[in-house]
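Chain residues, written in single-letter form:
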Amino acid sequence: MRLDKPKKLLGSWNETVDRRLREPVLKNTDGFERLLDGEATSAVGTAYTPVEEQYSNELGVHRPGDSRIILISGVSGIVADPDATLDQVFAARPAITDLAPVPPGPLGGAARCGSSQSRDGLVNLCAWADVYTIGMVIFIGFPQTDNPTDSFPQIRSELEHPAP
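Residues numbered from 1 in each chain as written. Predicted model: local features only at pLDDT ≥ 70, side-chain atom pairs only at ≥ 80, totals over all residues. Heavy atoms only, no water.

### What to know about helix H1 (residues 19–33)
In an α-helix, one full turn covers 3.6 residues, which means residues spaced three or four apart are oriented alike. Spanning 15 residues, H1 covers 21 Å between terminal C-alpha atoms, matching the ideal 21 Å at 1.5 Å per step. Buried positions along H1 lie against strand S4 (42–49), strand S7 (69–76), helix H2 (82–91) and strand S11 (133–140). (Helix = DSSP H or I, 4+ residues; strand = E, 2+ residues; numbered from the N terminus. Expected span 1.5 Å × (residues − 1). Contact = heavy atoms within 4.5 Å.)

### Here's the deal with the nonpolar core
Membership of the largest hydrophobic core comes to 22 residues, with the highest contact counts inside it found for Leu71, Leu125, Ala127, Ile134, Met136 and Ile138. When residues of this core are traced back to their parent elements, those giving at least two are H1, S7, H2, strand S10 (121–129) and S11. Aside from chain neighbours lying at most four places away, what touches leucine 125 is Phe90, Arg93, Ile96, Arg112, Cys113, Gly114, Met136, Val137 and Ile138. Grouped together as the second largest cluster of nonpolar side chains are 17 residues, Leu3, Tyr48, Trp128 and Phe139 included. (Core = buried A, V, L, I, M, F, W, Y, C linked by side-chain atoms within 4.5 Å. Buried < 20%, exposed > 50% of the residue type's maximum accessible area, 1.4 Å probe, protein only.)

### Re the packing of aromatic side chains
Under the counting rule described, the total for this entry stands at three aromatic pairs. When the centroid spacing of 5.9 Å and the interplanar angle of 10° are considered together, the rings of tryptophan 13 and phenylalanine 142 count as stacked. In this pair, tryptophan 13 sits in strand S3 (residues 13–15) while phenylalanine 142 sits in the loop between S11 and helix H3 (152–159), placing the two residues 129 residues apart along the sequence. Here the aromatic rings of tryptophan 128 and phenylalanine 152 are separated by 6.1 Å at their centres, their planes lie at 50°, and the arrangement is tilted. Of this pair, tryptophan 128 sits in strand S10 while phenylalanine 152 sits in helix H3, and the two are 24 residues apart along the sequence. (Phe/Tyr/Trp six-rings, centres within 6.5 Å; stacked < 30°, edge-to-face > 60°.)

On their own, these measurements won't tell you what the molecule is for.
Here it is, written out as structure tokens:
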């Protein structure tokens, strides 16, 4: 398997140009690489927004009218124990509460989702591990009435593909 970022996530979300959003996902990706048995065969670390970003001298890169963000991190390679790997992923994030297993989608493996509060509001986080990949999807700024984790299996299937 390999991970690739789609040009548009969920059909219409745009990849961000904001380096402040990309830095944390690249850090996650580096951490996931250390959980593999051997070298990574692919990696993805990026962020998506539902609106076209704009730039101004006053605000820098900003997203007018919609502040929701989806952060994506993942690696492919050999994962010896997917469940133990997920334990390690969430142990590194002690602020995540309400952690529960969720359906991993058609690609199988193990998946869990949880949430936390940040200065930006509610943060929902889902992670998966199977014998070939480790990944995480973080949903920031979604209203509590939404359940962004419902789109987790679709996002995962947009990222993960059989290796050529």
